[in-house]
Number of protein chains: 2
Amino acid sequence: MPQGQVSVTPTDGLTTRQRRNRPLLVVHTGVMKGKSTAAFGMALRGWNQGWSIGVFQFVKSAKWKVGEEEAFRALGEVHSRTGQGGPVEWHKMGSGWSWSRKAGTETDHAADAAEGWAEIRRRIGTEAHRVYVLDEFTYPLKWGWIDVDEVVDVLVNRPGQQHVIITGRDAPQALVEAADLVMETTKVKHPMDAGQKGQRGIEW
Amino acid sequence: MPQGQVSVTPTDGLTTRQRRNRPLLVVHTGVMKGKSTAAFGMALRGWNQGWSIGVFQFVKSAKWKVGEEEAFRALGEVHSRTGQGGPVEWHKMGSGWSWSRKAGTETDHAADAAEGWAEIRRRIGTEAHRVYVLDEFTYPLKWGWIDVDEVVDVLVNRPGQQHVIITGRDAPQALVEAADLVMETTKVKHPMDAGQKGQRGIEW
């Protein structure tokens, strides 16, 4: 695959090396399901670089589980066992954040979401991971459970070389403006239009 | 994550179970780079189901390597060692297809591409894999190295429960029409627009 052509000469005063290694804020939005899938695909690349991967799924249900979770846990074990790739942490809101003493409240998703963001903010402050996937994170922003301005402030001013990938529909404008890369998935044709139901291995 | 709502009652005469397990032909096209990344993300889900994964990259250079390749090879080894997940094969045109006695010709990409497709057609005929990722496959179609009508015929009439995911820009219309799911990635904002060059762990 050819590398993309640079279309503009930058005037940011950075060296090529600094620019090459600039940490990215990535937003995957739009109506199609490829958003999370593509985010996890990006995380695969980071894993291969030996980077620490932190996945935080802002899903309401503890039962929701995508195949990527097992695959990444397996890759985390490969790292522990052989040193290949990077370490992996995978956290889900719906089952109660694993660092929390309490189980998911199930009744106060807003509080659970705020707790998730507080932990992520703490980790960003200590540069705990090199890649963060904040999956379905646009929803608590949209619903006002987490303050968009604070999120943008923390992300824009994050230290070091931390890449952050955020997925979900209806990304807030302030987040889109702050992002380095925004991908929108567009539905051209989907089997559910023809009555196809979601199926194992494809939709989850 | 909620499962999508079915918007149309199908009139295809299939039972719900038959319909639920229908093999899919998926095309990821458009101008953004998420195409392949999302395809590999889908393959992760298949791996987790214990399905045999076959990746065929129609890239010209032997040197081109994405992080996903190492991650999937690691997952293939997890399967061999523990039985978790499914087996993985990863083949690249640029380095000479691994089943071929000859090295990549480097001078006749059209012949290499045709050889790759002949092998995929053979494997589809014997149901060798459950998931096929034909990465960057639209290019040999576009350039006339492989006959689009033959590809569509083989894919539409493939036996069993084989999912096929094809990536690349400018997918031929006949392929889009035959597909069950078409995802188009749209560039909203990309760091290369601001002079950012591709970087390790992100672009490959």
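Computed from a predicted model, the values in this text were never measured in an experiment.

Overview of the pattern of salt bridges
- Taken as a whole and judged by the stated rule, the model has 16 salt bridges over all chains.
- With its nearest N and O atoms 2.8 Å apart, the salt bridge here joins E68(A) to R45(B). Taken together, the residues E68(A) in helix α3 (residues 67-82) and R45(B) in helix α2 (residues 34-48) connect one chain to another.
- Using a relative accessible area of 5% as the deciding quantity, one classes R45(B) as buried.
- Note that R122(B) and E119(B) form a salt bridge whose closest N and O atoms lie 2.9 Å from each other. A residue pair is termed a helical-turn pair when its members lie 3 or 4 positions apart in one helix, as R122(B) and E119(B) do in helix α4 (residues 109-125) at 3 residues.
- A single network of salt bridges, built from pairs that share partners, joins E89(A), E119(A), R122(A) and R123(A).

Some thoughts on unusual backbone geometry
- A positive phi angle, close to 55 degrees, is found at E127(A), a residue other than glycine.
- One can find E127(A) in the loop between α4 (109-126) and β4 (131-135).
- Among the residues examined, E127(A) registers a relative accessible area of 42% and is labelled partly exposed.
- Residues other than glycine seldom take positive phi values, yet D170(B) does so here, at roughly 55 degrees.
- The class of D170(B) is partly exposed, set by a relative accessible area of 44%.

Overview of the nonpolar core
- Judged by nonpolar contacts, the single largest core of 52 residues is most densely connected at F72(A), L75(A), V133(A), F72(B), L75(B) and V133(B).
- Excluding its chain neighbours within four sequence positions, the residues that come into contact with V133(B) are A39(B), F40(B), A43(B), G54(B), V55(B), F56(B) and I165(B).

Structural notes on the packing of aromatic side chains
- Going through the model one piece at a time under the given rule, you end up with 22 aromatic pairs over all chains.
- A cation sits over an aromatic face here: R130(A) above W51(A), 4.1 Å from the ring centre.

Things to note about the environment of W143(A)
- By the secondary structure assignment, W143(A) is in the loop between α5 (138-142) and α6 (148-156).
- Along the backbone, W143(A) and A110(A) are 33 residues apart, and their C-alpha atoms lie at a distance of 8.7 Å.

Points about α6(A)
Residue and element names in this part refer to chain A.
- Those residues of α6 lying buried are V148, V151, V152, V154 and L155. The buried residues of α6 occupy one face: seen down the axis, they fall within an arc of 165 degrees.
- Against the buried residues of α6 lie β1 (25-30), α4, α5, β5 (163-167) and α7 (173-178).

A closer look at the pairing of β4(A)
All names here are of chain A.
- Counting buried positions over the 5 residues of β4 gives 5, a clear majority of the element.
- A two-sided burial pattern is seen for β4, the buried positions comprising V131, V133 and D135 on one face and Y132 and L134 on the other.
- With 5 bridges joining them, strand β2 (residues 53-57) and β4 adopt parallel strand pairing. Bridging from a neighbouring strand, G54 pairs with Y132 of β4.
- Relative to β5, β4 runs parallel, the two being bridged by 4 bridges. Counted as the bridge partner of L134 is I166 from β5.

A look at the packing of helix α2 (residues 34-48) of chain A against α2(B)
- With their axes 7 Å apart at the nearest point, α2(A) and α2(B) run at an angle of 90 degrees to one another. In this view, α2(A) runs roughly perpendicular relative to α2(B), as classed from their interaxial angle. Facing α2(A), whose interface residues are G34(A), T37(A), A38(A), G41(A), M42(A), L44(A) and R45(A), α2(B) presents G34(B), T37(B), A38(B), G41(B), M42(B), L44(B) and R45(B).
- Its residues placed into classes, the contact of α2(A) with α2(B) shows 6 nonpolar, 6 polar and 2 charged.

Reading the values: rules and limits
Residues numbered from 1 in each chain as written. Chains lettered and ligands numbered in written order. Predicted model: local features only at pLDDT ≥ 70, side-chain atom pairs only at ≥ 80, totals over all residues. Heavy atoms only, no water. Salt bridge = Lys/Arg side-chain N within 4 Å of Asp/Glu carboxyl O. Helix = DSSP H or I, 4+ residues; strand = E, 2+ residues; numbered from the N terminus. Buried < 20%, exposed > 50% of the residue type's maximum accessible area, 1.4 Å probe, protein only. Core = buried A, V, L, I, M, F, W, Y, C linked by side-chain atoms within 4.5 Å. Contact = heavy atoms within 4.5 Å. Phe/Tyr/Trp six-rings, centres within 6.5 Å; stacked < 30°, edge-to-face > 60°. Lys NZ or Arg CZ within 6 Å of the ring centre and 35° of its normal. Arc of directions from axis to C-beta. Pairing = 2+ DSSP bridges. Axes fitted to C-alpha atoms, helices over the stretch in contact; angles between N-to-C directions. Parallel < 35°, antiparallel > 145°, perpendicular 65-115°, else oblique. Nonpolar A, V, L, I, M, F, W, Y, C, P; charged D, E, K, R; others polar.

From the geometry alone we can't say anything about function, so treat these as descriptive.
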